Amino acid sequence: MAKTYLDVNPSTRLTILESADTIGGVWCQGRLYSHLKTNNLLGTYEYSDFPMDTAKFGVKEGEFIPGPVVHEYLKAYAENFDIYRRIRFNSRVDTVTRRDNGGWDINFSEGVGEKTTSKSITSARLVVATGLTSEPYVPRFAGQDDFDAPIIHAKALMEQESLVHESKEVIILGGSKSGWDSAYAFANAGVPVNWIIRESGHGPMWMAPPYVTPLKKRLEKLVGVRFLSWFSPCIWGESDGFGWVRRMLHNTVIGRLMVDTFWKILANDVITLNGYDKHPELKKLKPWTPAFWVGSSLSILNYPTDFFDYVRNGTIKVHIADIDHLSHKTAHLSTGVTVQGDAIICSTGWKPHPSIKFLPEGIDKRLGLPQTAPNPTSAEATRIQEADATVLDRFPRLRNQPTRGPSHKDFKDLRSLDARQHPALAQGEEEEPYRLYRFMVPPAFINERSIGFVGALMTLNTTIVAQAQALWLTAYFAHGLAIDRQQQGHAEKGPKPAFDIDAVTDETVLHSRYCKWRYAAGFGLRFPDFVFDVVPYIDMLLQDVGLRSRRKKNGWSELFDPYGPEDYRGMVDEWRVKIA
Ligand SMILES: Cc1cc2nc3c(=O)[nH]c(=O)nc-3n(C[C@H](O)[C@H](O)[C@H](O)COP(=O)(O)OP(=O)(O)OC[C@H]3O[C@@H](n4cnc5c(N)ncnc54)[C@H](O)[C@@H]3O)c2cc1C
Ligand SMILES: NC(=O)c1ccc[n+]([C@@H]2O[C@H](COP(=O)([O-])OP(=O)(O)OC[C@H]3O[C@@H](n4cnc5c(N)ncnc54)[C@H](OP(=O)(O)O)[C@@H]3O)[C@@H](O)[C@H]2O)c1
């Protein structure tokens with residue numbers, strides 16, 4: 001975002017406030033636990049304007065990118081584009097207050113320990129890019145004060161690396177990618193692992209080998225193939241201009257049969273390649289929900305040795321159970337089993353809300369931030385009902401929401417469990433996800449052009465989405481979207497063009513409700529989380545800024561070659577020419 005904004009506004013005074021002491025977010029130095037690698041092979045986790053050169057970064061074709069290399073790459077990127085000197089490290093934003101006359105007061109704590117001081121900056125424009133994997137979520141357990149050993153989040157695994165070398169046995173909680181990584185880190189160091197995946201939850205996450213059917217292609221590339229994107233019912237899918245194919249696939253019986261077959265092939269391939277049905281212990285890691293309903297937590301086996309060997313030889317013992325309570329270095333499970341550990345590693349995910357307090361009190365809802373007790377007005381409730389009706393009408397298959405777990409409860413039950421952490425849910429109130437237009441701008445502020453959120457979504461195509469969002473937001477701030485240009489054409493010297501807030505809100509609610517229905521076993525209820533829908537999402541953003549979205553050299557490539565960073569090279573310049 002900083003790079004794109006500076007490209008277009010070189011004289012702007014741009015400051016990045018960063019709470020960590022090094023660059024990289026997820027990939028900052030303090031979070032690079034051993035064996036951390038990208039889910040992506042070389043070529044799909046880099047920006048279009050800065051290829052991850054093998055000679056410079058040492059990663060070869062067909063290799064996953066080690067965490068330290070991503071860190072180095074991001075640092076080199078920032079230095080290369082004159083961003084690095086603008087970052088104020090150890091600067092944690094505490095509050096952001098909206099000023100009466102527009103703009104934002106940003107209050108932050110700068111420094112470390114006793115040397116921390118409170119500072120503030122006022123800015124006409126603010127972009128929040130605090131990520132969805134910054135603020136660890138650690139559950140509380142009955143009896144945890146009696147555990148007498150560290151209970152840490154996976155985020156702190158590197159800081160507490162000594163646990164990996166000194167523990168005699170460890171307990172790991174969480175069946176998603178951080179859980180797999182933590183289990184691997186300990187098992188690889190020879191430490192026996194008690195791995196607990198809660199029976200009341202979503203179960204073990206889908207873990208794919210890097211190359212899958214059809215044609216043994218790279219998984220993270222398959223999701224960028226336009227032809228394959230048609231097999232995902234997508235509310236913004238028609239942005240790709242192939243609405244008729246999508247309607248044929250999702251609104252006819254024969255089409256839906258083809259879609260089912262596609263997902264079955266993909267899922268069976270993973271299950272067969274991983275050999276879940278060939279070993280009683282591996283069977284415990286077989287996912288509970290069809291891959292269709294899962295979002296970006298779909299991950300890749302990116303380990304240097306076979307993960308499943310540790311399960312087969314008993315170094316990793318999988319327990320499908322909830323923790324009932326803790327006592328001295330012991331977890332008592334809902335199944336009656338007790339397990340021991342010199343530490344508990346909570347690979348239990350992240351808080352979706354930004355770590356910043358927005359003021360004045362109550363502004364969160366207007367900013368489109370997630371709400372645990374949304375309390376919609378009747379107009380909002382009607383809007384939600386209408387959005388739901390549209391989604392289910394367009395995609396009838398989404399009516400049959402998945403069940404989960406060995407007990408096949410539905411996902412609403414999981415929320416009543418989470419209600420222990422979110423009291424509002426206990427009263428049966430619906431959680432509401434991020435509500436941002438194009439997943440970036442709060443509808444209530446759409447005509448102010450003073451605030452945007454980037455990265456408030458999860459996909460397997462992080463870098464190309466980041467660059468498309470950066471261009472869209474920069475163009476939006478500059479009144480340079482296609483809609484602005486059309487309106488300027490009509491308005492001549494009249495008032496500044498405005499968005500229709502009602503239409504923007506309708507579309508925002510529609511897109512967020514779609515995510516809820518479509519990715520019921522992913523994070524859809526909290527934030528946009530999607531897999532095969534990235535190419536049409538970028539199509540939509542590029543059309544908004546007035547650029548061509550079909551970027552391949554011929555029709556065949558357009559349909560069957562994966563989209564990657566190289567296809568979006570030069571977008572900012574193309575847009576500048578457009579608005580000149
Ligand atoms: C361990 C791990 C591995 C991952 N691997 C992959 C992968 O292989 N491929 C993939 O596509 N995705 C992966 N992801 C998803 C990941 O979230 C994205 O790839 C990407 O890092 C998101 O970038 P971001 O800049 O939006 O957020 P982040 O990387 O989380 O950066 C947010 C930044 O905001 C800062 N910040 C937060 N709050 C404040 C505050 N109040 N004040 C100041 N600064 C603040 C944080 O310190 C951080 O530097 C991974 C996630 C995790 C946790
Ligand atoms: N490149 C890499 O190698 C890598 C490494 C780590 C993460 N990532 C990415 O980062 C993102 C986040 O992954 P993540 O694994 O950190 O988080 P996550 O996907 O949010 O997973 C959190 C896990 O914790 C479990 N959990 C939550 N609350 C719990 C509780 N109270 N008790 C027991 N278990 C609980 C969840 O179970 P339920 O499902 O039952 O709620 C889930 O299995 C994903 O997109 C992932 O792909 C990538």
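Details of the structure are given in the entry above.
Nothing here was measured: the structure is a model prediction, and the numbers come from that model.

The rules behind the values
All residue numbers refer to positions counted from 1 along the written sequence of the respective chain. Chain letters start at A and ligand numbers start at 1, both assigned in the order the entries are written. At least 70 in pLDDT is required for a residue's local features to be given in this predicted model, at least 80 for side-chain atom pairs to be given and counted, and no such filter applies to totals for whole chains, interfaces and linings, which use all residues. As a rule here, side-chain values come from all non-hydrogen atoms in the structure, and water together with hydrogens is ignored. We define proximity as follows: a residue is near a molecule or strand when any one of its heavy atoms falls within 4 Å of that partner. As used in this structure description, the phrase polar contact means that two N or O atoms lie within 3.5 Å; if the pair is within protein, one of them must be able to donate a hydrogen and the other to accept it, and residues adjacent in sequence are counted only when both atoms belong to side chains. Secondary structure follows DSSP: runs of H or I at least 4 residues long count as helices, runs of E at least 2 residues long count as strands, and numbering of each begins at the N terminus. Following the grouping adopted for this structure description, the nonpolar residues are Ala, Val, Leu, Ile, Met, Phe, Trp, Tyr, Cys and Pro, the charged ones are Asp, Glu, Lys and Arg, and the polar ones are all others, Gly among them. Only buried residues count toward a nonpolar core, which is a set of Ala, Val, Leu, Ile, Met, Phe, Trp, Tyr and Cys residues joined through side-chain atoms within 4.5 Å. Each residue's exposure class comes from its accessible area (1.4 Å probe, protein chains only) as a fraction of the maximum for that residue type: buried when under 20%, exposed when over 50%, partly exposed otherwise. Contact criterion: two residues are considered in contact whenever any of their non-hydrogen atoms come within 4.5 Å of each other. Note on areas: Shrake-Rupley, 1.4 Å probe, and residue coverage restricted to the protein chains presented here.

Quick notes on the site of ligand 2
Near ligand 2 lie 25 residues; those nearest to it are Ser176, Lys177, Ser178, Arg198 and His202. In the model, an oxygen atom of ligand 2 is placed 2.7 Å from a nitrogen or oxygen of the histidine 202 side chain. Contacts to ligand 2 include asparagine 302, whose side-chain N or O atom sits 3.4 Å from an oxygen atom. Of all elements in the fold, only β2 (37–41) and α5 (177–188) reach the threshold of two or more residues within the shell around ligand 2. In terms of residue class, the shell around ligand 2 is made up of seven nonpolar, 14 polar and four charged.

Side note on the nonpolar core
Soluble globular proteins: nonpolar side chains tend toward being buried together. By size, the foremost hydrophobic cluster in this structure holds 142 residues, and its most contacted members are Trp180, Trp195 and Phe307. In terms of residue count, the dominant contributor to this core is helix α16 (residues 462–477) (nine residues). Residue contacts for tryptophan 195: discarding those within four places in its chain leaves Ile172, Gly174, Gly175, Gly179, Trp180, Ala183, Leu285, Phe307, Ile316, Lys317, Val318 and His319. One finds Trp104, Tyr434, Leu436 and Phe453 within the second-largest nonpolar core, a separate group that totals 21 residues.

A few points about the site of ligand 1
Around ligand 1 lies a shell of 25 residues, among which Glu18, Asn39, Tyr45, Ser355 and Thr462 are the nearest. Between ligand 1 and the protein, one listed contact pairs an oxygen atom with a side-chain N or O atom of serine 134 at 3.4 Å. Taking threonine 462, its side chain carries an N or O atom lying 2.6 Å from an oxygen atom of ligand 1. Expressed as a share of its isolated accessible area of 980 Å², the protein-covered part of ligand 1 is 83%. Mapped by element, the contributors of at least two residues to the shell around ligand 1 are β2 and β5 (91–98). Residues belonging to the shell around ligand 1 are distributed by class as follows: nine nonpolar, 13 polar and three charged.

Everything listed here is a matter of coordinates, which is why it stays silent on function.
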